[in-house]
Amino acid sequence: MICMVLPCVRIWSDKCSSKYGRRRPFILAGSLMISVVVTIIGFSADIGYLLGDADEDHRNFKGT
C-alpha cells in the first residue's frame, strides 16, 4: 500500500502551492494521522472489548 500512496503524495506535494510551502501541510497531516493511529493502537484492547471481543484469555477491561 505504501508503494502506491507515497508516489501520489509526492506528486500532490510537488503541485501544492500553499502559503506554508509545498511540504509542510503534508507533514502536518501525516503527523496528525500517525498520532491518531498510535493512540488507537494503545487502546486497542479496550476498543476490542467495547466492540464485543470475547473476555477469554484477555485482560480485564480497565477503561473509563
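Residues numbered from 1 in each chain as written. Predicted model: local features only at pLDDT ≥ 70, side-chain atom pairs only at ≥ 80, totals over all residues. Heavy atoms only, no water.

Observations regarding the overall build of the protein chain
Argument step 1. A tally of regular secondary structure across the protein chain gives three helices and zero strands.
Argument step 2. Secondary structure elements of the protein chain, listed N to C terminal, follow the sequence α-α-α.
Argument step 3. Buried positions account for 5% of the 64 residues belonging to the protein chain. (Helix = DSSP H or I, 4+ residues; strand = E, 2+ residues; numbered from the N terminus. Buried < 20%, exposed > 50% of the residue type's maximum accessible area, 1.4 Å probe, protein only.)

Notes on the environment of Thr-39
Argument step 1. Inspection of the secondary structure puts Thr-39 in helix H2 (residues 24–42).
Argument step 2. Its relative accessible area of 44% is what places Thr-39 among the partly exposed residues.
Argument step 3. Reaching out from Thr-39, the side chain makes a polar contact with the backbone oxygen of Ser-35 at a distance of 2.8 Å. (Polar contact = N/O pair within 3.5 Å; in protein donor to acceptor, adjacent residues only side chain to side chain.)

Focus on the confidence of the model for the protein chain
Argument step 1. Per-residue confidence for the protein chain averages 83 on the pLDDT scale, and 83% of its residues sit at or above 70.
Argument step 2. Of all secondary-structure elements in the protein chain, the lowest mean pLDDT belongs to helix H3 (residues 44–50), at 85, while H2 reaches the highest, 93. (pLDDT = per-residue confidence, 0-100.)

What to know about the environment of Ser-35
Argument step 1. Mapped onto the elements of the fold, Ser-35 is located in helix H2.
Argument step 2. Note on Ser-35: relative accessible area 41%, which makes it partly exposed.
Argument step 3. Here the side chain of Ser-35 touches Ser-31 through a polar contact of 2.7 Å, landing on its backbone oxygen.

Things to note about a nonpolar patch on the surface
Argument step 1. Residues Val-36, Ile-40, Phe-43, Ile-47 and Leu-51 make up a contiguous nonpolar surface patch of about 500 Å² in total accessible area.
Argument step 2. With respect to the helices and strands, the residue Ile-47 is situated in helix H3. (Patch = residues over 30% accessible without salt bridge, like charges linked within 9 Å, V, L, I, M, F, W, Y side chains within 5 Å. Areas by Shrake-Rupley, 256 points an atom, 1.4 Å probe, with all protein chains shown as cover. Salt bridge = Lys/Arg side-chain N within 4 Å of Asp/Glu carboxyl O.)

Quick word on the pattern of salt bridges
Argument step 1. Per the stated rule, a full pass over the model turns up one salt bridge.
Argument step 2. For the salt bridge of Arg-23 with Asp-14, the shortest nitrogen-to-oxygen distance reads 3.1 Å.
Argument step 3. For Asp-14, a relative accessible area of 43% corresponds to the partly exposed category.

So, the side chain of Ser-13
Argument step 1. Within the element layout of this structure, Ser-13 appears in helix H1 (residues 2–15).
Argument step 2. Here Arg-23 takes part through its side chain, which lies 2.9 Å from a polar atom of the side chain of Ser-13.
Argument step 3. Setting aside chain neighbours within four positions, we find Ser-13 in contact with Arg-22, Arg-23 and Phe-26. (Contact = heavy atoms within 4.5 Å.)

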